[in-house]
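In case you want the letters, here they are:
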Amino acid sequence: MKYTSILAGFFGLMALAACTNNDEVTMEQPKEVHTITVAFNKGANTRVQLSEFSVEEGFKGTWESTDKIGLIDNNGTTYEYSIDAATIDEETGVATFTREGDALADGTYKVVYPYDWDGNLDNFDTQDAEFAVYDEEKEEYINKFNAEKAKQYLYALGDATCEGGMFKEQATLTPIFNFIYVPMEYSFQNMKYWGFQELLEGGTRSGTWTTTATLAGLNLYNKIVNFEGTEGNITLNNISFYAQNPGEQYGGWMWESLNTLIFAFPVLPGYPVQYLGLGFTNSVGEMHYCDITNSDGSPAVFNEGGHVYVFTHDKSNLQFEVPK
């Protein structure tokens, strides 16, 4: 055994000498692994992995083992980081992401999810607000959240500072979009004052009406270009109403949504969305807005994305103005 080992070593030295005389020996260097720790600012209630919608909990989700994020430098170059599945903390929404290669240059980087988001979004200026599914057997609409439709709004943005080739502080990703959830049969307050009755089908005392609405407000963006918002309205299609007039002793005309509505709007950091309203065109072509308000009637202010706002009858979050 000892003899064999010596010969093996001898022939190995000869082979190495031959290579040295004729070819340059290249030793593969180990690749550097760089890490960044990232949190979703909604903790366990992230918007990464969508499940069915729950009125009580919003959209439940956690990081997935296949998730990736992108880091974008000032020149627009994207560096792809993959999640280390073993580091996922489902309670806090924190995970570590890694990348092999050279260290990044010092400076501030945009952190984006999904990883290939280049800062441009232009597909939410028109939305289908119909999220109920018609059950032919029951002959009625069934509330069912359509997760596939909502995935187009799962974008998040943050920043991170690299010093000495390392990200020393935890980065935070903040979701861009908010969702507003209007349940089926929600009553729109004071709609009776603004001339919509003539649009109804089915007679003078009751009927149905399917229309579009215009979402408008301050700092409302319908496109994002290079991470900057383009202010503009959002059109919401397939909003259906049922209206009836049981008599003045019951308050006159009553308007209810025939289908569940979920629609999305973005909030970029530093640009709170305010004075949101849903605009409808009445029978003589006039646009009237139903204000989105707090429970006390004050205008709602939206400072960040990543929230689900559930409107309820008792808080009357959708109110038309009462004529003076």
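Residues numbered from 1 in each chain as written. Predicted model: local features only at pLDDT ≥ 70, side-chain atom pairs only at ≥ 80, totals over all residues. Heavy atoms only, no water.

J.: Quick question: what am I supposed to make of the overall build of the protein chain here?
T.: Counting secondary structure elements, the protein chain contains two helices and 23 strands. With 324 residues in all, the protein chain has 41% of them scored as buried. Considering only intrachain contacts with a sequence separation of at least 6, the fraction spanning at least 24 residues in the protein chain is 70%. Split by element, the accessible area of the protein chain, about 17,500 Å² in all, is 47% carbon and sulfur. (Helix = DSSP H or I, 4+ residues; strand = E, 2+ residues; numbered from the N terminus. Buried < 20%, exposed > 50% of the residue type's maximum accessible area, 1.4 Å probe, protein only. Contact = heavy atoms within 4.5 Å. Areas by Shrake-Rupley, 256 points an atom, 1.4 Å probe, with all protein chains shown as cover.)

J.: I keep staring at unusual backbone geometry and nothing clicks. Help me out?
T.: Excluding glycine, residues mostly carry a negative phi; peptide bonds, for their part, are mostly trans. The omega angle of the peptide bond from Y113 to P114 is 0 degrees, so this bond is cis rather than trans. Turning to its location among the elements, P114 is positioned in the loop between β5 (107–113) and β6 (126–128). Even without being a glycine, N190 presents a positive backbone phi close to 65 degrees. Looking at the secondary structure, you find N190 in the loop between β12 (187–188) and β13 (206–218).

J.: What am I meant to see in the packing of aromatic side chains here?
T.: Any pair of aromatic rings gets described here by the distance separating the centres and the angle formed by the planes. Enumeration according to the criterion identifies 26 aromatic pairs in this entry. Ring geometry for F124 and F177: centres 5.0 Å apart, planes at 85 degrees, overall edge-to-face. Taken together, the positions of F124 in the loop between β5 and β6 and F177 in strand β11 (residues 177–182) put the pair 53 residues apart, joining distant regions of the chain. Take F124: its relative accessible area is 0%, and that puts it in the buried class. (Phe/Tyr/Trp six-rings, centres within 6.5 Å; stacked < 30°, edge-to-face > 60°.)

J.: Even after reading the chapter, I still don't get the nonpolar core, so can you show me in this structure?
T.: One broad trend across soluble globular proteins is that nonpolar side chains are buried collectively. Within the largest apolar cluster, 54 residues are counted, with the highest numbers of intra-cluster contacts made by F188, L215, W255, F265 and F280. Elements with a minimum of two residues in this core: β11, β13, β14 (221–225), β16 (234–244), β18 (261–266), β19 (273–281), β20 (287–292) and β23 (318–320). By size, the runner-up hydrophobic cluster in this structure holds 20 residues, among which are I83, F97, Y109 and A160. (Core = buried A, V, L, I, M, F, W, Y, C linked by side-chain atoms within 4.5 Å.)

J.: Quick question: what am I supposed to make of the sheet that holds β11 here?
T.: The strands making up a sheet associate through hydrogen bonds between their backbones, and the pairing can be parallel or antiparallel. Taken in spatial order, the three strands line up as β18-β11-β22 in an open sheet, and their pairing is mixed. Taken across any chain shown, the strands that pair with only one partner, and hence form the sheet edges, are β18 and β22 (308–310). Between one strand axis and the next, the sheet turns through 20 degrees on average, direction left out of account. Two elements, β11 and β18, share six bridges in a ladder whose sense is antiparallel. Bridging from a neighbouring strand, V182 pairs with L261 of β18. (Pairing = 2+ DSSP bridges. Axes fitted to C-alpha atoms, helices over the stretch in contact; angles between N-to-C directions.)

J.: Any chance you could explain the pattern of salt bridges here in plain terms?
T.: Pairs may arise between side chains of opposite charge once their charged atoms sit close together. Tallied over the full model, the rule gives one salt bridge. The partner of K68 in a salt bridge is E80, with the nearest N and O atoms 2.9 Å apart. Separated by twelve residues along the polypeptide, K68 in strand β2 (residues 68–72) and E80 in strand β3 (residues 78–83) bring together distant segments of the chain. By relative accessible area, which is 36% here, E80 ends up partly exposed. (Salt bridge = Lys/Arg side-chain N within 4 Å of Asp/Glu carboxyl O.)

J.: Would you mind showing me how to read the pairing of strand β10 (residues 171–175) here?
T.: Each regular strand displays side chains that alternate between the two surfaces of the sheet. Here β10 shows a clear split, with A171, L173 and P175 buried on one side and none of T172 and T174 buried on the other. By the bridge criterion, three bridges tie strand β1 (residues 33–40) to β10 in an arrangement that is parallel. Bridging from a neighbouring strand, F40 pairs with L173 of β10.

J.: Looking at this structure, how should I read the confidence of the model for the protein chain?
T.: Segments scoring low in pLDDT should not have their predicted coordinates read at a detailed level. Summing up the model confidence of the protein chain, the mean pLDDT is 80 and the portion of residues at 70 or higher is 79%. Ranking the elements of the protein chain by mean pLDDT puts helix α1 (residues 2–22) last, at 36, and β3 first, at 97. Confidence over residues 1–20 falls short of pLDDT 50; this stretch has two contacts with residues more than four positions distant or in other chains. Note on residues 43–51: pLDDT under 50 across the span, and 42 contacts to partners over four residues away in sequence or across chains. (pLDDT = per-residue confidence, 0-100.)

J.: Explain the side chain of D67 here, please?
T.: Along the chain, D67 turns up in the loop between β1 and β2. The buried charged residue D67 lacks any salt bridge partner; its closest oppositely charged side chain belongs to K68, at an N-O distance of 9.9 Å. (Lys, Arg positive; Asp, Glu negative; His and termini not counted.)

J.: So what exactly am I meant to see when it comes to the sheet that holds β1 here?
T.: Read around the closed barrel, seven strands run β1-β4-β3-β2-β5-β9-β10, paired in mixed fashion. Within the sheet, the average angular offset between the axes of one strand and its neighbour, ignoring direction, is 35 degrees. With two bridges connecting them, strand β9 (residues 156–162) and β10 associate as antiparallel partners. Within β10, the residue paired with L157 across the bridge is T174.

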